[in-house]
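One letter stands for each residue in the lines below.
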Amino acid sequence: MAKGKGGNVVARVEQLVRPVVEQLGYQLWDVRYEKEGPNYFLRVFIDKEGDMDTADCETVSRALDPLIDQEDPIDESYYFEVSSPGLGRRLTRPEHYMACQGKKARLRLIRPDEEGNKEYVGTLAGFVAGRPVLITADGKEKCPEMSALALAKLCDDEDLFAEKN
């Protein structure tokens, strides 16, 4: 089940949209129901092999919009969005860690560990025994509990804002 606010809404929407998303040839990466200021947003994140563009998001949005309207899983008014998880994507499920093995990631803890570290950066080595496995730059293996994580995301967007010589 996806994490995020509105857990019941997220679970209902995920169950509703997953078959359609997969039938269209995409992977359902995440579903989030979030409040930003006075507005609510229902966000469906999709992925596929190769490059994604706005046409992919539009295709899925057009397929899901009437389905979600018909089922009406949300009481309040909200904005509906379909997008790619993009660069710096959040890792919220075991399958995310498995799909991103070998990639650089950042794990931020809710509280510092016994060594005083609140953040780990390294290479994802998978997901074992209910925990993400990260190999840090100094070769140490870190396997925090999922419940201890404040944030887990890929670091594939770090070079975008680096100064060029």
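Just so you know, these numbers come straight off a predicted model, no measurement behind them.

Trainee: What exactly am I supposed to notice about the overall build of the protein here?
Mentor: The number of helices and strands found in the protein is three helices and eight strands. Each of the three principal axes of the protein carries a C-alpha extent, and together these read 50 × 35 × 30 Å. Classification of the 165 residues of the protein by burial places 39% in the buried group. Working note: accessible area of the protein is about 9800 Å², and carbon and sulfur atoms make up 47% of it.

Trainee: Honestly, helix α2 (residues 54-71) in this entry has me stumped. Any pointers?
Mentor: Structurally, the α-helix is built with 3.6 residues per turn, so residues lying three or four positions apart point the same way. Between its first and last C-alpha, α2 extends 25 Å over 18 residues, near the 26 Å set by a 1.5 Å rise per residue. Residue Leu-64 marks the point of greatest curvature in α2, where the axis turns by about 30°; the proline Pro-66 follows within four residues. What α2 keeps buried is the set Asp-56, Cys-57, Val-60, Leu-64 and Ile-68. By the N-cap criterion, in which a side-chain oxygen at the helix start approaches the backbone nitrogen of a residue two or three places on, α2 is capped by Asp-53, the distance to Ala-55 being 3.0 Å. Positive backbone phi, at 50°, marks Asp-72, one or two positions downstream of α2.

Trainee: Would you mind going over the sheet that holds strand β3 (residues 79-83) with me for this structure?
Mentor: Sheets are built from strands paired through backbone hydrogen bonds, the pairs being either parallel or antiparallel. Across the sheet, three strands lie side by side as β1-β2-β3; this open sheet has mixed pairing. In the strand order of this sheet, the two ends are held by β1 (27-36) and β3, each with one partner. Taking the axes of each pair of neighbouring strands and ignoring which way they run, one obtains an average angle of 15° across the sheet. Pairing of β1 with strand β2 (residues 39-47) involves nine bridges; the strand directions are antiparallel. The partner of Leu-28 across the bridge, within β2, is Ile-46. Contacts from α2 reach β2 and β3 within the one sheet, and its direction differs from that of β3 by about 145°.

Trainee: What is the right way to read the sheet that holds strand β4 (residues 104-109) from this model?
Mentor: With antiparallel pairing, the five strands of this open sheet are ordered in space as β7-β6-β5-β4-β8. Each having just a single partner strand, β7 (141-142) and β8 (149-154) make up the two edges of the open sheet. One ladder, built from five bridges, connects β4 with β8; its direction is antiparallel. Within the sheet, the bridge partner assigned to Arg-106 lies in β8 and is Lys-153.

Trainee: So what exactly am I meant to see when it comes to the pairing of β3 here?
Mentor: Put simply, side chains in a regular strand alternate between the two faces of the sheet. Here β3 shows a buried face lined by Phe-80 and Val-82 and an unburied face lined by Tyr-79, Glu-81 and Ser-83. As defined by bridge partners, β2 adjoins β3 across five bridges and the pair is classed as parallel. In the strand pairing of β3, Phe-45 is matched with Ser-83.

Trainee: Explain the pattern of salt bridges here, please?
Mentor: Summed over all chains, the structure comprises 17 salt bridges. Between Glu-81 and Arg-43 there is a salt bridge whose closest N-O contact spans 2.7 Å. One end of the pair, Glu-81, is in strand β3; the other, Arg-43, is in strand β2, with 38 residues separating them in the sequence. With a relative accessible area of 31%, Glu-81 lands in the partly exposed category. Measuring nitrogen to oxygen at the nearest pair gives 2.8 Å for the salt bridge that ties Arg-106 to Glu-119. Of this pair, Arg-106 sits in strand β4 while Glu-119 sits in strand β5 (residues 119-128), and the two are 13 residues apart along the sequence. Taking the relative accessible area as the measure of exposure, Glu-119 reaches 34% and is therefore partly exposed.

Cut-off values and rules
- Residues numbered from 1 in each chain as written.
- Predicted model: local features only at pLDDT ≥ 70, side-chain atom pairs only at ≥ 80, totals over all residues.
- Heavy atoms only, no water.
- Helix = DSSP H or I, 4+ residues; strand = E, 2+ residues; numbered from the N terminus.
- Buried < 20%, exposed > 50% of the residue type's maximum accessible area, 1.4 Å probe, protein only.
- Areas by Shrake-Rupley, 256 points an atom, 1.4 Å probe, with all protein chains shown as cover.
- Expected span 1.5 Å × (residues − 1).
- Bend = angle between axes of the 7 residues up to and from the residue.
- Polar contact = N/O pair within 3.5 Å; in protein donor to acceptor, adjacent residues only side chain to side chain.
- Pairing = 2+ DSSP bridges.
- Axes fitted to C-alpha atoms, helices over the stretch in contact; angles between N-to-C directions.
- Contact = heavy atoms within 4.5 Å.
- Salt bridge = Lys/Arg side-chain N within 4 Å of Asp/Glu carboxyl O.

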